Amino acid sequence: MQTLKHYSILALLLLIYSCNVSPKPIDYGHDGCHFCKMTIVDKVHAAEIVTQKGKVYKFDATECMINFMDEFDTSEIALYLSNDYMTPESLIDATKATFLISENIPSPMGAFLSAFKSKADAEKMQAEKGGTLYNWNELLAHFKD
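Residues numbered from 1 in each chain as written. Predicted model: local features only at pLDDT ≥ 70, side-chain atom pairs only at ≥ 80, totals over all residues. Heavy atoms only, no water.

K.L.:
Could you clarify how one ought to interpret the sheet that holds strand β1 (residues 47-51) in this entry?
P.N.:
Strand pairing in a sheet takes place through backbone hydrogen bonds and is either antiparallel or parallel in direction. Taking strand neighbours across the sheet as the criterion, the 4 strands line up as β2-β1-β3-β4 in an open arrangement whose pairing is antiparallel. Edge positions in the sheet fall to β2 (56-59) and β4 (91-93), since each of these pairs with one other strand and no more. Averaged over all pairs of adjacent strands, the angle between strand axes in this sheet comes to 25°, irrespective of strand direction. Of the strand pairs in this sheet, β1 and strand β3 (residues 77-83) are connected by 5 bridges, and their pairing is antiparallel. Note that in β3 the partner of E48 across the bridge is L81. Helix-sheet contacts for helix α2 (residues 62-69) involve β1, β2 and β3, and the interaxial angle to β1 is about 35°. (Pairing = 2+ DSSP bridges. Helix = DSSP H or I, 4+ residues; strand = E, 2+ residues; numbered from the N terminus. Axes fitted to C-alpha atoms, helices over the stretch in contact; angles between N-to-C directions. Contact = heavy atoms within 4.5 Å.)

K.L.:
Can you help me understand unusual backbone geometry in this one?
P.N.:
A negative phi angle is the norm for most residues apart from glycine, just as the trans form is the norm for most peptide bonds. Although it is not a glycine, K37 adopts a positive phi angle of roughly 75°. Look at K37 and you get exposed, because its relative accessible area is 60%. (Buried < 20%, exposed > 50% of the residue type's maximum accessible area, 1.4 Å probe, protein only.)

K.L.:
I tried to follow the sheet that holds strand β6 (residues 113-116) on my own but got confused; where do I start?
P.N.:
Strands sit in the order β6-β5-β7 across an open sheet of 3 strands; the sheet is antiparallel. At either margin of the open sheet sits one strand with a lone partner, and together these are β6 and β7 (132-134). Going from strand to strand, the sheet's axes swing by 25° on average, the running direction of each strand aside. Strands β5 (98-101), β6 and β7 of the sheet are contacted by helix α3 (residues 119-129), whose axis makes an angle of about 15° with β5. Each of β5, β6 and β7 is contacted by helix α4 (residues 136-144), which is oriented at about 115° to β7, the strand it contacts most.

K.L.:
Explanation requested: α2 in the structure shown.
P.N.:
With respect to burial, α2 is a largely interior element, 7 of its 8 residues being buried. Of all the positions in α2, only T62, E63, C64, M65, I66, F68 and M69 are classed as buried. Tucked into the core, α2 has its buried residues touching β1, β2, β3, β5, β6 and α4.

K.L.:
Sorry, what's going on with the environment of L139 here?
P.N.:
Position of L139 among the secondary structure elements: in helix α4. For the pair formed by L139 and L113, sequence separation is 26 residues and the distance between their alpha carbons is 9.6 Å.

K.L.:
Sorry, what's going on with the packing of α2 against α4 here?
P.N.:
Two numbers describe a pair of packed helices, the interaxial angle and the distance between the axes. Put simply, α2 and α4 touch, their axes get as near as 11 Å, and they point 70° apart. As the angle between them shows, α2 and α4 are arranged roughly perpendicular. Listed contacts from α4 to T62, E63, M65, I66 and M69 of α2 are W136, L139, L140 and F143. Along the lines of polarity and charge, the residues of the contact of α2 with α4 split into 7 nonpolar, 1 polar and 1 charged. (Parallel < 35°, antiparallel > 145°, perpendicular 65-115°, else oblique. Nonpolar A, V, L, I, M, F, W, Y, C, P; charged D, E, K, R; others polar.)

K.L.:
Explain the environment of K53 here, please?
P.N.:
Relative to the helices and strands, K53 is located in the loop between β1 and β2. Spatially, the C-alpha atom of K53 lies 8.6 Å from that of I77, the residues being 24 residues apart in sequence.

K.L.:
Would you explain α4 in this entry?
P.N.:
Side chains of residues three or four places apart in an α-helix project in the same direction, reflecting 3.6 residues per turn. Buried within α4 we find W136, L139 and L140. Seen from one end, α4 has its buried residues packed into an arc of 100°, which puts them on one side. Along its buried surface, α4 packs onto α2, β3, β5, β6 and β7. The N-cap of α4, judged by a side-chain oxygen 3.1 Å from the amide nitrogen of N137 a few residues on, is N135. (Arc of directions from axis to C-beta. Polar contact = N/O pair within 3.5 Å; in protein donor to acceptor, adjacent residues only side chain to side chain.)

These figures come from the coordinates and say nothing about function on their own.
Encoded structure:
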């Protein structure tokens, strides 16, 4: 009986550990985009999805992440993450980010889309580079058009 109890505890710990819903670092220059298959090299435009079960999908650009959502059950997604333009390699919650589409800031797939953790940073960059600001829901609607 004692052995069965130990196996039950071990199984529970493995289940909890294996379903860790958290981002994984992007290995720039080595990881491939799950949507377009390009190697992820741009440290300010990459993105990531983490499912409820902890599976991570990496993308070379936020626009690839959005396009991937068309072929995926989005109810399974726990985290939508985009790189913060102001702090390269830093993943931020895309659902809370402010996005700028500016033809003066190229992105890997040509959508000219950049994410900002701070709305103030996005507005400052918009003043310098031009373009249009979007929140997450507005951005999704823009890409559906």
